[in-house]
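Summary of structural features
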Amino acid sequence: MEKEDAGVILELRDITKSYDNVSVLKGITLSVREGDFVTLLGSSGCGKTTILRIIAGLTEPDGGQVLLEGRDMCGSPPEKRNVNTVFQSYALFPHMTVFQNVAYALKIRGVDKREIERRVMDSLAMVQMEGSAKKTPAMLSGGQRQRIAIARSLINRPKVLLLDEPLGALDLQLRRQMQYELKKLQKNLGTTFIYVTHDQEEAINMSDRIVLLRDGRIEQQGTPNEIYDRPRTSYAAQFVGSANVLHGDAVRIEDGRVLLRSMNGTMLARTDALPLREGDALTLAVRGENIGIGREPKEGTCVRGVVEGNTFAGGMLRIPVRLEDGTEVVITRQGIHFDFAAGETVYLDWPPEAAVLVDREAKP
Amino acid sequence: MSGNAAVPALPGAGKRGGRDRRWLCVVPLYVFTLLFVLGPALYMVAISFAKNTAGTGFRWAFTLDNFAKMRDGVYVNCFRESFRLALSTTALNVLIGYPYGYFMGRLGARWKRIMMFLIMVPFLTSSLIRLYGWLILLQAKGVLNKLLLALGVIDEPLKILYSYPAVLIGMVYALLPFMILAVYTSVEKMDWTLVEAARDLGATRAKAFATITLRLTLPGLMSGVILTFVPSMGLFFIADLLGGNKIVLVGSLIQDQMTRGANQPFAAALALVLALMTTLMLWLYRKVTHTSELEGMLL
């Protein structure tokens, strides 16, 4: 919230929506600044696609307001909104060539033929697809269709581009490349992107801001760093960067840190100026890469567990450790070297600044 | 069949033993087509050039008399009438069947089943019995006239039965299900995200319908047109029953020449010309509507 209200292009105010008496959105309030890359992140069924459809005008909300450049969009049909969508299935018109697909928006507005030709070719060049103008969508690969869908949605030069899991159908390698290209495209055009995904890595890689959704509510919003470093809830901590969540009672509070005790041992966490009292039941989140492991207990502040094994994936070693109370803590390390065998008893510890207290608001 | 000698055998290919005899499987198909489709058609073509004899028979001799006979005003009129009826039937079927099929395709699963059932119900009874139903409805002292008289809409009974409108009603009624089902099938297959995409890109509801929905359901409409136009050229019992003897279609004429008229060569010539003209009409239709490149075609 560095510049409050400065250049806000889109605002959602208390949007609610139900389907067949099932509440999908339970009051979404959100403002999006012009030129930002905003990601709506959440697992399936959290309502993220419904939010996009409401912004696009394809679904009417039950309550609340959508303001685009300060104007209330209520009741305004999709064709009247300066917003375009890249659909999850791409939704390319199968009976038209690539050129005709991209030209569609201009043609129905009766733009001059030569102007259409120029702008369509520019648009295709932007996504490096000039050579495919005469092909039909059926002749293209998934990644190419994706590019055409993006070119088509940008031809109207929308104020806001909505993207509904656009990379969902692509393989991992292509996804990575498209993430990079999309981000570059967005930076060059300066268009506001609202991007829907369930992939936290994608969200962290691309976004200026992440809006984490859970069951039709906003769980937390902020920059990727804010959400990663200061998750406010255990859900946010686990969803973004898969943090470990541990419980304990506060026994001593001093110098911005708190000492917690549980049946697993004692733990430290930073307090972030939260109002705390000794005896409070607290929850902390700590990331696997920040957890130290040793055969001997460290004086005062460590928890005890048993190594369950290890798996190597994506350049990272994941080591699950089972604590006394049954909680599983996953430690991560770079590389494949790990000195502890499965079944070995170990002691875990972390610096207090690496552990953040979560779920404070939820408790009375 | 034996040109594969130079090609190295794939591993395992030899296990089946000897030459590839898979082509044998399709032989029955060819035999069947030859015997029951191509054979009779060629026989009919041959007869159409034969000479009629007194009685039921004919004599093999090449003559164009049978075709020349068709230039007679009576027969030309008969063809014209048949085409007029087939075209009107098809046009009305498009006007009623497309919206019906379209809205049916957009209903929820439950209502789709109900509508489908309603379309199928008439097929459970004989088409002849259903036509007698129309007779009862349309006759001078029939249900329709009684109703209209009672309501005061008309002062004296309408003479619908044994007229062109009655035949048209009967034809549309008989063929409408085919149009509806053909349209419904293609509407059912529609990806409605495409319409949303069109709206999103700036198309109004009407524009999106014209450029996307109509265009993508055209193969269904096309099939429907063929499924109604082709049979309506040949259906004669509807015209016979509901049109009295005032409306003589080519179909009735052929039947008449085969039986009472006892002129098989002329009947064959009529049938041949009818088939050729129907094909020509369909070809023209495809040419005009540019639907030949669309998938899901019947022809």
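Residues numbered from 1 in each chain as written. Chains lettered and ligands numbered in written order. Predicted model: local features only at pLDDT ≥ 70, side-chain atom pairs only at ≥ 80, totals over all residues. Heavy atoms only, no water.

**Description of the overall build of chain B**
Summing up its helical and strand segments, chain B has 12 helices and 2 strands in all. Mapped in sequence order, the helices and strands of chain B form the string α-β-β-α-α-α-α-α-α-α-α-α-α-α. What you see for chain B is a C-alpha radius of gyration of 25 Å, clearly larger than the 19 Å of a compact globule of 299 residues, by over 25%. Dimensions along the principal axes, computed over C-alpha positions, put chain B at roughly 90 × 70 × 35 Å. Looking at chain B alone, contacts between residues at least 24 apart form 66% of all its contacts between residues at least 6 apart. Taken as a whole, chain B presents about 17700 Å² of accessible surface, with 69% of it coming from carbon and sulfur. Separation between the mean location of the 28 positive side-chain charges and that of the 14 negative ones in chain B comes to 6 Å. (Helix = DSSP H or I, 4+ residues; strand = E, 2+ residues; numbered from the N terminus. Rg over C-alpha atoms; globule rule 2.2 N^0.38 Å. Contact = heavy atoms within 4.5 Å. Areas by Shrake-Rupley, 256 points an atom, 1.4 Å probe, with all protein chains shown as cover. Lys, Arg positive; Asp, Glu negative; His and termini not counted. Charge placed at Lys NZ, Arg CZ, Asp CG, Glu CD.)

**Description of the domain arrangement of chain A**
All names here are of chain A. Here the domain parsing of chain A yields domain 1 (8-235) and domain 2 (236-358). For domain 1 versus domain 2, the distance between C-alpha centres works out to 38 Å. Between domain 1 and domain 2, the residue contacts involve 18 residues of the former and 14 residues of the latter. For the pair domain 1 and domain 2, the summed buried area comes to about 1300 Å², and 62% of that belongs to carbon and sulfur atoms. Taken together, the connections running from domain 1 to domain 2 amount to 0 salt bridges. At the level of elements, helix H6 (200-206), strand E10 (217-222), helix H7 (224-229) and helix H8 (234-239) are the ones that each hand at least two residues to the side of domain 1 that touches domain 2. The leading source of residues in the side of domain 1 that touches domain 2 is H7, at 3 residues. Grouping the amino acids of the side of domain 1 that touches domain 2 by side-chain chemistry returns 7 nonpolar, 7 polar and 4 charged. (Domains from an automatic or database assignment. Buried area = accessible area lost by both parts, 1.4 Å probe. Salt bridge = Lys/Arg side-chain N within 4 Å of Asp/Glu carboxyl O. Nonpolar A, V, L, I, M, F, W, Y, C, P; charged D, E, K, R; others polar.)

**Quick look at the pairing of strand E18 (residues 316-323) of chain A**
All names here are of chain A. A one-sided burial pattern is seen for E18, the buried positions being Leu317, Ile319, Val321 and Leu323 and the unburied ones Met316, Arg318, Pro320 and Arg322. Sheet topology note: the strand E16 (residues 303-307)/E18 ladder contains 3 bridges and is antiparallel. Along E18, the bridge assignment pairs Val306 with Arg322. Relative to E18, strand E17 (residues 311-313) runs antiparallel, the two sharing 3 bridges. (Buried < 20%, exposed > 50% of the residue type's maximum accessible area, 1.4 Å probe, protein only. Pairing = 2+ DSSP bridges.)

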